[in-house]
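Structural description and commentary
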Amino acid sequence: MISNIAEDEDKWLAEGIAGIQHNAFYMHRSLDSNNLREALKYSAQMLSELRTSRLSPHKYYELYMRAFDELRKLEIFFKDESKHGCSIIDLYELVQHAGNILPRLYLLCTVGSVYIKSKEAPAKDVLKDLVEMCRGVQHPIRGLFLRSYLSQVSRDKLPDIGSDYEGDADTVMDAVEFVLQNFTEMNKLWVRMQHQGPGRAKEKQEKERSELRDLVGKNLHVLSQIEGIDLEMYKDTVLPRVLEQVVNCKDELAQYYLMDCIIQVFPDEYHLQTLETLLGACPQLQPTVDIKTVLSQLMERLSNYAASSAEVLPDFLQVEAFAKLSSAIGKVIEAQVDMPVVGAITLYVSLLTFTLRVHPDRLDYVDQVLGACVKKLCGKPKLEDSKATKQIVALLSAPLEKYNDIVTALTLSNYPRVMDHLDNGTNKIMAMVIIQSIMKNSTCISTADKVEALFELIKGLIKDLDGFPVDELDEEDFKDEQNSVARLIHMFYNDDPEEMLKIICTVKKHIMTGGSRRLPFTVPPLIFSALRLVRRLQGQEGDVVGEEEPATPKKIFQLLNQTIEALSFVPSPELALRLYLQCAEAANDCDLEPVAYEFFTQAFILYEEEIADSKAQVTAIHLIIGTLQRMNVFGVENRDTLTHKATGYSAKLLKKPDQCRAVYACSHLFWVDDQDGIKDGERVMLCLKRALRIANAAQQMATVARGSSGPVTLFVEILNKYIYFFEKGNSQVTSSAIQGLIELITSEMQSESTTPDPSSDAFFASTMRYIQFQKQKGGAMGEKYDSIKA
Amino acid sequence: MNYLIGAFKPSCNISITFADGKSRKQVPIKKENGQTVMVPLFQSQENISGKISIEPLQGKKVEHNGVKIELLGQIEMYFDRGNFYDFTSLVRELDVPGEIYERKTFPFEFSTVEMPYETYNGVNVRLRYVLKVTISRGYGGSIVEYQDFVVRNYTPPPEINNSIKMEVGIEDCLHIEFEYNKSKYHLKDVIIGKIYFLLVRIKIKNMDLEIRRRESTGSGANTHVETETLAKFELMDGAPVRGESIPIRLFLSPYELTPTHRNINNKFSVKYYLNLVLVDEEDRRYFKQQEITVYRLPETS
């Protein structure tokens, strides 16, 4: 059925073209023989082919173009009076004798253009006559093409400023009048197309109309090309008249297209100066018109214009471009009740982009836009529409990108309120965008207020939001998010300790609401950030004296204690333990014995109560030993208690090798290689011997259990400890003891029950090489080693 | 054969020439046999003068009972062909009975001849002017020669010439208002006007303006009316909407119009009408006919 129609159309088109060619042939012959009457007769017959109603606009255009080409030849003939011997005035009458209107008017336009060119009559009179006479064709497609022809043949003959046709009687105004009238009539015809012909599918009709829109738009283009239209005239005549037509035609397609045309064809400068008029038309358009695209285009153009030169900026201020755009958008949204939320937001995005580009210094404008957006969104449920949320993200991202500085965004009171309207997922994405922006620009957030504001923005990441099922979270995403938050915390910094403390308190307040899954990520950066402050305070302790509530390390440590405690409930005991130890070390540096002791206590308690996994225990005990070794704040008693505990736990580890290693590590607790560090050689030796015993026991156990003893690694390790303390001058560690151990190892290695292990062999061998080396080096150390036989 | 034809040929040649024949304007007329010939043009109250020359054929003499010339204005109805009604008849005697041996010339003159009616060639009626020269003979019938001429009468532009303006329509269907700038047009005039659509509920396909000539002949029960459409001029293509105003500009010169003739000698009338026709998509025609008066304006050139 449909293909039949298409085939028929092709057939009709072919017939039409054949008709044109046939008559054009005779027309050419008449032209060659200078026979005016025949030429008119055949040209009229040729043009009669354009009277068809059967072709779609597309095909009709093809036919039209054929006729158009032929008419050019006719025009050349008309121009040459010597050929046809008829004055142009008579010719103008003569062509009007044609009985059919369409050929008559095509011919009239053709002669008319020659008439103007001859200047035998004022251009305006001829133009006016032509545009009036064309009213006779009321058929939309035929009328559109006819008027398009008129526009085509007249466009270089308008009485524009500086043109040949300008004269006393012919002014630019006449040119404008002519084009405007032709435009108006064409638009009417175009709009009317939709009511034409029964049984035509609406969609098809719309498509056909779209194909013709450029014919109408061309008029606006012609208008824009008229040099003589200055701002004044544009403002007083051209724009109001065009807009009047646009508004009155009440047609969605036309309104959208024409508004777009206006924006595209006329200069930015004019738009700026006529913003009010232009924008005033927007709310009057049909509610279904896609105004948002139109306005976006306008704002984009204006902002490009503003960007093009700094000189035009004062104009923007003078005409209050922002205020006008803003209120226009408000009105449009009000007028178009059915506009989806996404449309409104898109408008705001455009306005925001405009503001950012034109008035980058006016944060209040930005806030105003956001505020308007909030107003639109409020009272509505959270957005489900993915397009709308995308637009909101764009809206929120724009200021970040512009200012490269979240601090600026933080001053926008409406910013978080807009974010509230996002669904949780998007909210998080937005929060991530914010954090990434901070990271990218290494923005330092320097006051507690800003931190507070920032946390308000990214609260989607900080805590579980109401009604959001937690289990939907993607583990990896979650980690990413929380790592970002952790990184963010490091971006808070203020040189003033007071403020910094405030910042820390704020951060703490927020991250504490995060729940067990987040704390392990967020607490450590907070702790380290706080410890950094502590270290800074260390350096300037004197200064803070006398201030009423100084940010003392003590206070900070209290805070830290609470924070870590929260972590231990999570539970994340290993992490808490590490942090306790870090804090203890910091407290140590601050000479706060009780605080440090408290931290250790906490660490031990955690060790005892929470850390059950043997591997974790091993790690933990080594950490404890390591930290404790470096502590110098403790008095003898406290230190004893702690070292005793540590040694005790070491010996209670599950696996013998672990025990052994922990115990020999403990030896360092009694020997701090500092100037005034504790140097208790005896207890060092005790530890080492104990380690040796454990190693032996381990060996035996292995023999019993597996029939072969384990490798000698443990012994070699202990040997290294011996050598260390030997070199450090621990008198308890004698060369004979070392000698004995070496022999023990050697015999063990030779024993058949020992499983050979290349790595421990290599370890032993290199240890021996070291001894050899020290011996050969000579000097004091060489002498010391002298007695050891390798 | 030649002899035979020669026997029936008139024994002399008669030629009629007008005094100002060289300078006088000639116009074409269609003769009964379909040929077009050029004849001189006169108007009422002109002097019609000239010469008649009679030339007997070689070696023959023409014996006659007198020679006369008549100026006749005749109306011929086609249903009554060959029967002329003379509304004007003027006679001049040119010669007393006698014999003509050689070429003889007679001047003649009809001064300020009253010729109120124009020459007209219609569908059913013809009005003509003719000069008729008769050589009366007792035997073999008279020798007669005719010379047609055309009369056109000019009218100055009327003092009152109102426009034709009218609102017509079909209730709830179509309402238009049309205006023609005048009610009286001369033959080379232009009809200017417009049609304004007040209400359009039908799908109009196009609109034409027709010029129609109504020729009525006879009188009373015998009246015979013939209507011809002389012009069909498309004014509008496509369907207008309410509020549209369509211009009219129709040049009359291309059409073969005559002045309006009203009740010529109680024999016939010729009237002109403008017929505005709207055709809808189902090819239904809606029309309104208005009479216009056509007159002949004195030619300036």
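Attention in this report is confined to the structure presented alongside it. (Residues numbered from 1 in each chain as written. Chains lettered and ligands numbered in written order. Predicted model: local features only at pLDDT ≥ 70, side-chain atom pairs only at ≥ 80, totals over all residues. Heavy atoms only, no water.)

1. Observations concerning the nonpolar core
- Residues A:Leu223, A:Ile262, A:Ile406, A:Tyr415, A:Ile434 and A:Phe557 are the most contacted members of the largest nonpolar core, which totals 277 residues.
- Among the elements that make up this core, the one with the highest residue count is helix α18 (residues 341–358) of chain A (12 residues).
- Listed in part, the 70 residues of the second largest apolar core include B:Ile100, B:Phe106, B:Leu252 and B:Phe268. (Core = buried A, V, L, I, M, F, W, Y, C linked by side-chain atoms within 4.5 Å. Buried < 20%, exposed > 50% of the residue type's maximum accessible area, 1.4 Å probe, protein only. Helix = DSSP H or I, 4+ residues; strand = E, 2+ residues; numbered from the N terminus.)

2. A look at the pairing of strand β11 (residues 125–135) of chain B
Residue and element names in this part refer to chain B.
- The element β11 is largely enclosed, with a buried count of 10 among its 11 residues.
- By the bridge criterion, 2 bridges tie strand β10 (residues 120–121) to β11 in an arrangement that is antiparallel. When the sheet's bridge partners are listed, Tyr120 is paired in β11 with Leu127.
- Between β10 and β11, which follow one another and run antiparallel, lie 3 residues. (Pairing = 2+ DSSP bridges.)

3. Some remarks on the packing of aromatic side chains
Residues and elements named next belong to chain A.
- Inspection of every chain in the model, using the stated rule, returns 37 aromatic pairs over all chains.
- For the ring pair Tyr64 and Phe68, a centre distance of 5.9 Å and an interplane angle of 40° mean the geometry is tilted. With a gap of 4 residues between them, Tyr64 and Phe68 both fall in helix α3 (residues 57–79), about one helical turn apart.
- Grouping aromatic residues by their ring pairs yields a cluster made of Tyr60, Tyr61, Tyr64, Phe68, Tyr106, Phe145 and Tyr149.
- Lying across the ring of Tyr165, Lys119 places its NZ or CZ 5.8 Å from the centre. (Phe/Tyr/Trp six-rings, centres within 6.5 Å; stacked < 30°, edge-to-face > 60°. Lys NZ or Arg CZ within 6 Å of the ring centre and 35° of its normal.)

4. Quick word on the side chain of A:Arg104
- The topology assignment puts A:Arg104 in helix α6 (residues 101–118).
- The side chain of A:Arg104 sits in the buried core without any salt bridge; B:Glu234 is the nearest counter-charge, 6.2 Å away.
- If we skip the residues at most four places from it in the chain, A:Arg104 touches A:Val95, A:Gln96, A:Ala98, A:Gly99, B:Phe233, B:Glu234 and B:Leu235. (Lys, Arg positive; Asp, Glu negative; His and termini not counted. Salt bridge = Lys/Arg side-chain N within 4 Å of Asp/Glu carboxyl O. Contact = heavy atoms within 4.5 Å.)

5. Re the environment of A:Ser516
- Within the secondary structure, A:Ser516 sits in the loop between α27 (497–511) and α28 (519–539).
- Considering only alpha carbons, one finds A:Ser516 and A:Phe634, 118 residues apart in sequence, at a separation of 34 Å.

6. Brief notes about the sheet that holds strand β1 (residues 12–18) of chain B
All names here are of chain B.
- In space, the 3 strands of this open sheet follow the order β1-β4-β9, with antiparallel pairing throughout. Of all the strands in the sheet, the pair left with one neighbour each is β1 and β9 (104–110). Here the strands of the sheet are splayed against their neighbours by 20° on average, with no regard to which way each runs. (Axes fitted to C-alpha atoms, helices over the stretch in contact; angles between N-to-C directions.)

7. Comments concerning the interface of chain B and chain A
- Taken together, the contact pairs 20 residues of chain B with 23 residues of chain A.
- Buried surface at the junction of chain B and chain A, summed over both partners, amounts to about 1,700 Å²; 47% is from carbon and sulfur atoms.
- Contact with chain A buries surface across chain B, with B:Glu234, B:Asp237 and B:Arg249 losing the most and accounting together for 35% of the total.
- Linking chain B with chain A are 5 salt bridges, by the criterion used here. (Buried area = accessible area lost by both parts, 1.4 Å probe.)

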